[in-house]
Amino acid sequence: MDNYMNELVYKLMDSRKLETEEYIYLIRYRDHDTEELLREHAVKVRKENYGNEVLIRGLIEVSNICKNDCLYCGIRKSNWRTERYRLSEKEILSAAETGYRLGFKTFVLQGGEDAWYTDERLEKLIRQLKKRYPDCAVTLSLGERGRESFERLRAAGADRYLLRHETADREHYRKLHPQEMSFEHRMECLMALKELGFQTGAGFMVGSPFQTTENLARDLKFLEEFQPEMCGIGPFIPHHDTPFSGYSAGSVELTCFLLSVIRIICPKVLLPATTALGTLDPEGREKGILSGANVVMPNLSPANVRGKYLLYDGKLATGAESAENLLNLKRRMEKIGYVVVEKK
Ligand code: 5AD
């Protein structure tokens, strides 16, 4: 580590922010010592805020029908090889019931941008979930919607909304998405969610096609300024039926480094060790937690649809990734000195 790197590491730890150019240097020229110093500090910050607790969220993948055509995503609308499904209200409530029995206190309804999920249907669903499980939080992850829609979902009782920004660079955003989608609208949605009082989640993929170190530095600058309550980051993993099938996957090591940096710039952020990280590396979840992450999101979707929500090749939905195997996940967390808790 050169003197300048050392200076940057301490500046980041002390002030929780860097200039964009400094983030670029940090990412580009980091070495093992840089990573270790920041990882140790991230774990310290994580412990100050969350002790050794790992929070769990039950992920219910409500639909893989999507009107969007994101170039990286396996459930993009032009992928006619994907067998489409949509859970009924009954199936969603039943998944939540299973989750509640298992000890989950947060349900994440995630899905493609499926027009069937009108405001009316979602309001009804959210109200029922909140009525049945008043001690639980409801998180939505259903893509972009209008401000009025977000407002209604919030009024119905939804607590959180996850909408990864995907990349904080307009030009990069255009390379990952079709013409009809815009960076501006994505950002407008995120701002609206925050204003409406949602605990709001941003996030991005690590190693997505065309991503530069400058792009990642911008992502960090964006997080520093936006201060999301949640942040999902995971390595890009190619899906065989997408235009990005020929690109290589992102790096586990860089993802973990960025998890540490994010923990430092957003000390209280809810930061998952994502499924993508667990998919790319059998010890990915542990590595994520040991880098400063504090959330895992096991899969609560009904067994018959699990294989169909395939955002990328090899996506895990069994083992420690599935809600039924909570015991397995608990043991794995205990092995590294952490404890899974039933908190929303
Ligand atoms: N690899 C990794 N993550 C992906 N996502 C979508 N496709 C992929 C992929 N091929 C992520 C996006 C999206 C989230 C639900 O999953 O960041 O926001």
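Computed from a prediction, not measured in an experiment: that's the story for all the values here. (Residues numbered from 1 in each chain as written. Predicted model: local features only at pLDDT ≥ 70, side-chain atom pairs only at ≥ 80, totals over all residues. Heavy atoms only, no water.)

(A) Here's a closer look at the site of the ligand. In the neighbourhood of the ligand, the contacting residues comprise Tyr72, Cys73, Arg164, Glu166, Met205, Pro235, Phe236, Ile237, Leu311 and Tyr312. Measuring from a nitrogen atom of the ligand, one finds a backbone N or O atom of Tyr72 at 3.0 Å. Within the backbone of Ile237, an N or O atom sits 2.7 Å from a nitrogen atom of the ligand. Across the complex, the protein chains shield 87% of the 410 Å² of accessible surface that the ligand would expose by itself. (Near = heavy atom within 4 Å. Polar contact = N/O pair within 3.5 Å; in protein donor to acceptor, adjacent residues only side chain to side chain. Areas by Shrake-Rupley, 256 points an atom, 1.4 Å probe, with all protein chains shown as cover.)

(B) Here's a closer look at helix H8 (residues 183-195). Given a rise of 1.5 Å per residue, 13 residues ought to cover 18 Å, and the 18 Å separating the end C-alpha atoms of H8 matches this to within 8%. Looking only at H8, the buried set comprises Phe183, Arg186, Met187, Cys189, Leu190, Ala192 and Leu193. Looking at the buried side of H8, the elements it contacts are helix H6 (147-155), strand E5 (160-162), helix H7 (170-176), strand E6 (199-206) and helix H9 (213-226). Phi turns positive one or two residues past the end of H8, at Gly197, with a value near 90°. (Helix = DSSP H or I, 4+ residues; strand = E, 2+ residues; numbered from the N terminus. Expected span 1.5 Å × (residues − 1). Buried < 20%, exposed > 50% of the residue type's maximum accessible area, 1.4 Å probe, protein only. Contact = heavy atoms within 4.5 Å.)

(C) A look at the nonpolar core. By size, the foremost hydrophobic cluster in this structure holds 102 residues, and its most contacted members are Leu12, Leu26, Leu38, Ile60, Leu140, Leu258 and Ile262. It is helix H10 (residues 252-265) that provides the largest number of residues to this core, a total of 10 residues. Leaving out residues up to four positions away in the same chain, Leu26 has contacts with Met5, Leu8, Val9, Leu12, Leu18, Thr34, Leu38, Phe257 and Val261. With 8 residues, the next largest nonpolar core counts Leu59, Val108, Leu270 and Met297 among its residues. (Core = buried A, V, L, I, M, F, W, Y, C linked by side-chain atoms within 4.5 Å.)

(D) Layout of the sheet that holds strand E4 (residues 137-141). Spatial ordering of the open sheet is given by E2-E3-E4-E5-E6-E7, a layout of 6 strands whose pairing is parallel. Each end of this open sheet is capped by a strand with a single partner; those strands are strand E2 (58-63) and strand E7 (230-235). Across the sheet, the mean angle from the axis of one strand to that of its neighbour is 20°, orientation sign disregarded. The sheet strands contacting H10 are E6 and E7, and the helix crosses E7 at an angle near 165°. (Pairing = 2+ DSSP bridges. Axes fitted to C-alpha atoms, helices over the stretch in contact; angles between N-to-C directions.)

(E) The arrangement of the sheet that holds strand E8 (residues 295-296) in detail. Strand order across the open sheet formed by 3 strands is E8-E1-E9, with parallel pairing between neighbours. Each edge of the sheet is formed by a strand with only one pairing partner; in this case those strands are E8 and strand E9 (339-341). By the bridge criterion, 2 bridges tie strand E1 (residues 53-56) to E8 in an arrangement that is parallel. Along E8, the bridge assignment pairs Leu55 with Val295. Strand contacts of helix H13 (residues 326-335): E1, E8 and E9, with the helix running at about 155° to E1, the strand carrying the most contacts.

(F) Summary view of unusual backbone geometry. One non-glycine residue with positive phi stands out, namely Arg16, at about 60°. Mapping Arg16 onto the fold places it in the loop between helix H1 (3-15) and helix H2 (20-29). Taking relative accessible area as the criterion, Arg16 reaches 45% and is therefore assigned partly exposed. At Phe210, a residue that is not glycine, the phi angle is positive and equals roughly 70°. With respect to the helices and strands, Phe210 occurs in the loop between E6 and H9.

None of the figures reported here should be taken as evidence of function without further support.
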